[in-house]
Amino acid sequence: MDHQEEEEVEIPNYFICPISLEIMKDPVTTVSGITYDRQCIVKWLEKVPSSCPVTKQPLPLDSDLTPNHMLRRLIQHWCVENETRGVVRISTPRAPPGKPNVVQEIKNLKKFGQEALGREDTLQKLEVLAMEGNNRRLMCEAGVHKSLILYVVKCTSEEDEDGRRRIKGLDESLRLLHLIGVPSNDAKTILMEDDRIMESLTWVLHQEDFFNKAYTILLLRNLTEYTSSHIVERLNPEVFKGIVGFLKGVVNSLNRTSPSVRDTVQSSRPSLGITEPSKLDHTLVIKQAVTSALMILLETSSWSRNRSILVDLGAIYELIELEISYAGEKRITELMLGVLSRLCCSANGRAEILGHRSGIAVVTKRLLRVSPAADDRALSILSTVSKFSPENMVVEELVNVGTVEKLCNVLRLDCGLNLKEKAREILKDHFDEWKKFPCIDMTLVTNLLSSSPKDQLNEFHSRVGV
């Protein structure tokens, strides 16, 4: 290799995208005044909506992205000048579909209704348009989401001559609904206005297509977040069954005991002879769906009727397995512990947690490792299980998985007074039982229980010099 090839090319800083740290191919400027590569900022806003990566200023998902033509020409000219030094030329990007295209598709939709959505290319065009944030806002204002939801109902309700449901366009409709979302004002009433909607979404949850289930759960969360508490309280048990089944599928795919999610989606999406319009991150979609599923379970488990249904469906086992598979995901851990803390309010729920080979161990391991919210929920679970379950079963398990040591650490470290009170109560309730285990430092336990949580907190602060 000669000297010219080895020479390092100095790239002007303002050619570099702040996200990818690579030369921008399609520079666009956001309302915050920062220029990014279009593809990078679009992906960023899908993952971290409402935040500019550089300024941290509010940046809505549907923000306008203004093409920076001057900078693009400078970059292209620089690339041409340095082509002999190994710099790859950058072609002029195609302009993304804009407002005129959206307006035309919306007009067609209003004119032809469900017939328009049934055409092979309509949903594909809408999905391509929806990749631009401002276009999504226009679609929501025009009520495209309502037409899509009714089309989903139609897809899952009509049958062909063989008695099978006509589901052509279902995949695209659910993906598009995920992209544009349902405004909160409409979400409040949609489920109350038409019972068929919940029936259709429930049906999708029990089909084989993994990603359609994910998009359906995301839509369900969107709709139930704002709707009447009566609907949330009385959800059909089949909805819970579908959600628990989805979580089980996620665990199986992560543990490689079934075809991978990517293989599943590829085999279920026939080639259409075009580039797939949706550039959604499949891994991100599944993670968002898992989070939404847990949020639905957390909200609905406030009612005893729903708790009983979930326990009977084996939700506790799947939640624990999910946490083992998704270790390290803070939000998922917090939600999982929140749902478990509610499900263990019943005797059957507590028995399920104790019956799982890793139930108490997982809860214990997350204590003091995730967040104060996770600590509070983990201690609530341990407190409820230890108080209302057979002592001979609980105590040995708490000792074997290191729970006693963790509880002592809660008392010794800088934790909230409410957490210390819970830990103190558990240690105190089984004080005589701990004496039977040589591995337990009873001198430490006795000293910790003899001082108040407030004194322990003051002692910790004095040790660390606060």
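Identification of the protein chain as U-box domain-containing protein from Camelina sativa is taken from an unreviewed UniProt entry. The heading Catalytic activity (unreviewed entry) in the UniProt record of the protein chain holds the text "S-ubiquitinyl-[E2 ubiquitin-conjugating enzyme]-L-cysteine + [acceptor protein]-L-lysine = [E2 ubiquitin-conjugating enzyme]-L-cysteine + N(6)-ubiquitinyl-[acceptor protein]-L-lysine." Of the protein chain, the UniProt comment under Pathway (unreviewed entry) reads exactly: "Protein modification; protein ubiquitination."

## Side note on helix α16 (residues 282–300)
Helix length check: α16 (19 residues) gives 27 Å between terminal C-alpha atoms against 27 Å at 1.5 Å per residue, within 8%. Taking burial as the measure, the 19 residues of α16 include 14 buried ones, the bulk of the element.

## A short note on the packing of helix α19 (residues 330–343) against helix α22 (residues 372–388)
Describing two packed helices takes the angle between their axes plus the distance from one axis to the other. The interhelical angle for the contact between α19 and α22, taken along N-to-C directions, is 25°, at an axis separation of 9 Å. Classified by the angle their axes make, α19 and α22 are roughly parallel. For the pair α19 and α22, the crossing hand works out as left-handed. Contact with α19, carried on its side by Glu334, Leu335, Leu337, Gly338, Leu340 and Ser341, involves Ala373, Ala374, Arg377, Ala378, Ser380 and Ile381 of α22 and no other residues of that element. In terms of residue class, the contact of α19 with α22 is built from seven nonpolar, three polar and two charged.

## Re unusual backbone geometry
Of note in this structure, lysine 56 is not a glycine but carries a positive phi near 65°. Within the secondary structure, lysine 56 sits in the loop between α2 (38–47) and β3 (66–67). By relative accessible area, lysine 56 is classed as exposed at 55%. Positive phi, normally seen in glycine, also occurs at leucine 368, with a value near 70°. Mapping leucine 368 onto the fold places it in the loop between α21 (359–366) and α22.

## Remarks on the sheet that holds strand β1 (residues 27–29)
Pairing within the open sheet is antiparallel, and its three strands lie in the order β2-β1-β3. With partners counted over all chains shown, the strands left at the sheet margins are β2 (35–37) and β3, one partner each. Both β1 and β2 contribute to a ladder of three bridges, which runs antiparallel. Bridging across to β2, valine 28 finds its partner in tyrosine 36.

## What about the side chain of serine 51?
Within the element layout of this structure, serine 51 appears in the loop between α2 and β3. Accessibility expressed as a relative area gives 16% for serine 51, which makes it buried.

## Some details on the packing of aromatic side chains
Tallied over the entire structure, the rule returns four aromatic pairs. Arranged with centres 5.8 Å apart and planes meeting at 75°, the rings of phenylalanine 15 and tryptophan 78 form a pair that is edge-to-face. Note that phenylalanine 15 is positioned in the loop between α1 (3–6) and β1 and tryptophan 78 in helix α3 (residues 69–81), a separation of 63 residues in sequence. As far as the burial class goes, phenylalanine 15 and tryptophan 78 line up, both buried. With 6.3 Å between their ring centres and 80° between their planes, phenylalanine 210 and phenylalanine 211 make a pair best called edge-to-face. The exposure classification of phenylalanine 210 matches that of phenylalanine 211, with both residues buried.

The rules we used
Numbers given to residues run from 1 along each chain, matching the order in which its sequence is written. Given that the model is predicted, a residue must reach a pLDDT of at least 70 before its local features are reported, and side-chain atom pairs must reach 80 or more before they are shown or counted; all residues, however, enter totals for whole chains, interfaces and linings. Excluding hydrogens and water, the side-chain values take into account all heavy atoms of the structure. UniProt positions are given in the numbering used here, feature names are shortened, and annotations may be inferred rather than shown by experiment. Per the convention used, a helix needs a DSSP run of H or I reaching at least four residues, while a strand needs a run of E reaching at least two, with both numbered from the N terminus. Expected span, for any helix, means 1.5 Å times one less than how many residues it has. Per-residue accessibility, obtained with a 1.4 Å probe over protein chains only, is compared with the maximum for each type, and a residue is labelled buried under 20%, exposed over 50%, and partly exposed between these values. Lines fitted to C-alpha atoms define the axes, with helix axes restricted to the stretch in contact, and inter-axis angles between N-to-C directions lie between 0 and 180 degrees. Here roughly perpendicular refers to angles of 65 to 115 degrees, roughly parallel to angles under 35, roughly antiparallel to angles over 145, and oblique to all remaining angles. Each helix crossing is assigned a hand: it is left-handed if the near helix lies turned anticlockwise from the far helix by less than a right angle, otherwise right-handed if that turn is clockwise. By the convention used here, residues are in contact when the closest approach between their heavy atoms is within 4.5 Å. In this classification, the charged set is Asp, Glu, Lys and Arg, the nonpolar set is Ala, Val, Leu, Ile, Met, Phe, Trp, Tyr, Cys and Pro, and all remaining amino acids, among them Gly, are polar. Pairing between two strands is assigned when DSSP locates at least 2 bridges connecting them. Centres within 6.5 Å make a pair out of two Phe, Tyr or Trp rings, where for Trp the six-membered ring is used; the pair is then stacked when the planes are under 30 degrees apart, edge-to-face when over 60, and tilted otherwise.

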